Amino acid sequence: MPFTLATWNINSVRLRAGLVEKLLTEEAPDVLCLQECKSPVAKIPHEIFAALGYPHMVARGEKGYNGVAILSKLPIEDVGDKDFADLGHARHVAARMDNGLTIHNFYVPAGGDVPDRDKNVKFGQKLDYVAGMRDWFASEKPQKAILVGDLNIAPLEDDVWDHKKMLKVISHTPVEVEALTEAQDAGGWVDVTRKDLPVGKLYSWWSYRAKDWDAADKGRRLDHVWATPDIANAAHGSRILRDARGWEKPSDHAPVFASFDL
DNA sequence: ATGGTGGCTATGCCA
């Protein structure tokens, strides 16, 4: 059966419940994974999404920061979460569908401003978090799984607006890219977005601070869809809904879509 | 070199 999934850093699911509604109504993915919900799970406006045909939700939350949620048309089972680097943050949750597909939803730490772990604790925590992902994937050997989320790293030259200018900017430093590549390789994960769209610039995030984000187009691809090799060949139709970055009171991230014939 | 915007929650922290 064909299956479509989207991932979106929503930057407050309560403030932007209307934008989630718009996405679910207009695009109707089977599963929507959200990050930066910034809400306790009990205060996520789940009734609104249930009324639109998404009665199933698996989520982790905290007050004001972080938070991840998986909304689904079809039943999903909560199969736990990980707290890499012992941050105590709601940055991961996993769900399993009746067909055995596992969906991992991640919100990797942003890492602060200074790309030096001796001067910036947050950067060290980001590297430790991604190393934790690597070690877990190496021991788990995931199968029939999809990993999505805001990984806060843009690994490829064409994932940023200016590769050379970004080499010392957190999200595109070589040490981060290496760490992410190690995590990807440890699980055998295939970058589905780049499998489908191998050529050219691709962004999913544009800063709120740019005067004219659309014209300046200084974006980064921070949001990812990965799949294990056993289902990666079933993936197709990846796209980034850039329009959503221009919606009223937008998130600074755009949703990333992928479809799978499973 | 700096500051630019936005969310949460009440003041500074985080992105």
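The residue count restarts for each chain, going from 1 along the sequence in the order it is written. A letter from A marks each chain and a number from 1 marks each ligand, given out in the order of writing. Given that the model is predicted, a residue must reach a pLDDT of at least 70 before its local features are reported, and side-chain atom pairs must reach 80 or more before they are shown or counted; all residues, however, enter totals for whole chains, interfaces and linings. Values shown for side chains rest on all heavy atoms present in the structure; no hydrogens or waters enter the calculation.

An unreviewed UniProt entry lists chain A under the name Putative Exodeoxyribonuclease III, with Mameliella alba given as the organism. Quoted straight from UniProt, the Sequence similarities (unreviewed entry) entry for chain A says "Belongs to the DNA repair enzymes AP/ExoA family." UniProt positions are given in the numbering used here, feature names are shortened, and annotations may be inferred rather than shown by experiment.

(A) Highlighting the pattern of salt bridges. Salt bridges are counted wherever a side-chain nitrogen of Lys or Arg sits within 4 Å of a carboxyl oxygen of Asp or Glu. Using the criterion set out here, one finds 18 salt bridges in the structure. Here Arg-239 and Glu-27 are joined by a salt bridge, their closest N and O atoms 2.7 Å apart. In this pair, Arg-239 is assigned in strand 11 (residues 235–240) and Glu-27 in helix 1 (residues 17–27), connecting sequence segments 212 residues apart. Of the charged contacts, one joins Asp-217 and Arg-242 as a salt bridge, the two residues approaching to 3.0 Å between their closest N and O atoms. Of this pair, Asp-217 sits in the loop between helix 7 (213–216) and strand 10 (223–227) while Arg-242 is found in the loop between strand 11 and strand 12 (256–261), placing the two residues 25 residues apart along the sequence. Only runs of H or I of at least four residues qualify as helices and only runs of E of at least two qualify as strands under DSSP, and these elements are numbered from the N terminus.

(B) Structural detail: the UniProt feature "domain: Endonuclease/exonuclease/phosphatase" (unreviewed entry) in chain A. Following the UniProt record, one finds the feature "domain: Endonuclease/exonuclease/phosphatase" (unreviewed entry) at residues 6–253. Strand forms 21% of residues 6–253 and helix 27%; the C-alpha atoms that close the span are 12 Å apart.

(C) Region of interest: the sheet that holds strand 8 (residues 145–150). Paired strands are those between which DSSP finds at least two bridges. Strand order across the open sheet formed by six strands is 5-6-7-8-10-9, with mixed pairing between neighbours. Only two strands of the sheet have a single partner each, and these edge strands are strand 5 (76–78) and strand 9 (190–191). Where strand 6 (residues 92–97) and strand 7 (residues 102–107) come together, five bridges link them in antiparallel fashion. Its bridge partner being in strand 7, His-92 is matched across the sheet by Phe-106. In what follows, a contact means two residues having at least one pair of non-hydrogen atoms within 4.5 Å. What counts as an axis is a line fitted to C-alpha atoms, over the stretch in contact for a helix, and the angles between N-to-C directions run from 0 to 180 degrees. Across the sheet, helix 3 (residues 121–140) touches strand 6, strand 7 and strand 8, and the angle it forms with strand 7 is around 165 degrees.

(D) Inspection of the protein's contact with DNA strand B at higher detail. With respect to spatial proximity, 15 residues lie near DNA strand B, and among them Ser-12, Leu-15, Arg-16, Lys-63 and Arg-209 are the closest. Summary of the distance rule: residues count as near a molecule or strand when at least one heavy atom falls within 4 Å of that molecule or strand. What you see for DNA strand B is that sugar and phosphate hold 64% of its atoms within 4 Å of the protein. Any N or O atom pair separated by 3.5 Å or less is treated as a polar contact, with the protein-specific requirement of one donor-capable and one acceptor-capable atom, and with residues adjacent in sequence counted only for side-chain atom pairs. Separating a phosphate oxygen of DNA strand B from a side-chain N or O atom of Ser-12 is a distance of 2.3 Å. At a separation of 3.3 Å, a phosphate oxygen of DNA strand B approaches a polar side-chain atom of Lys-122.

(E) Quick peek at the UniProt feature "site: Interaction with DNA substrate" (unreviewed entry) in chain A. In this structure's numbering, the residues bearing the UniProt feature "site: Interaction with DNA substrate" (unreviewed entry) are His-253. If sequence neighbours within four positions are ignored, His-253 has contacts with Trp-8, Asn-9, Asp-150, Ser-204, Trp-205, Leu-222, Asp-223 and Arg-245. Among the polar contacts listed, one links the side chain of His-253 to the side chain of Asp-223, at a separation of 2.8 Å.

(F) Region of the structure containing the packing of aromatic side chains. Only centres within 6.5 Å qualify two rings of Phe, Tyr or Trp (six-membered ring in Trp) as a pair; their planes then separate them into stacked at under 30 degrees, edge-to-face at over 60, and tilted for everything else. One pass over the full model with this rule turns up 11 aromatic pairs. Taking 6.5 Å as the distance between ring centres and 85 degrees as the angle between the ring planes, the aromatic pair formed by Phe-106 and Tyr-129 counts as edge-to-face. Of the two residues, Phe-106 sits in strand 7 while Tyr-129 sits in helix 3, which places them 23 residues apart along the sequence. Burial status follows relative accessibility: with a 1.4 Å probe on protein chains alone, a residue under 20% of its type maximum counts as buried, one over 50% as exposed, and anything between as partly exposed. Here Tyr-129 falls in the buried class, since its relative accessible area comes to 1%. Two thresholds decide whether a charge sits over a ring: the Lys NZ or Arg CZ must be within 6 Å of the ring centre and within 35 degrees of the ring normal. In this structure, Lys-22 is placed above the aromatic ring of Trp-247, and the distance from its NZ or CZ to the ring centre is 4.7 Å.

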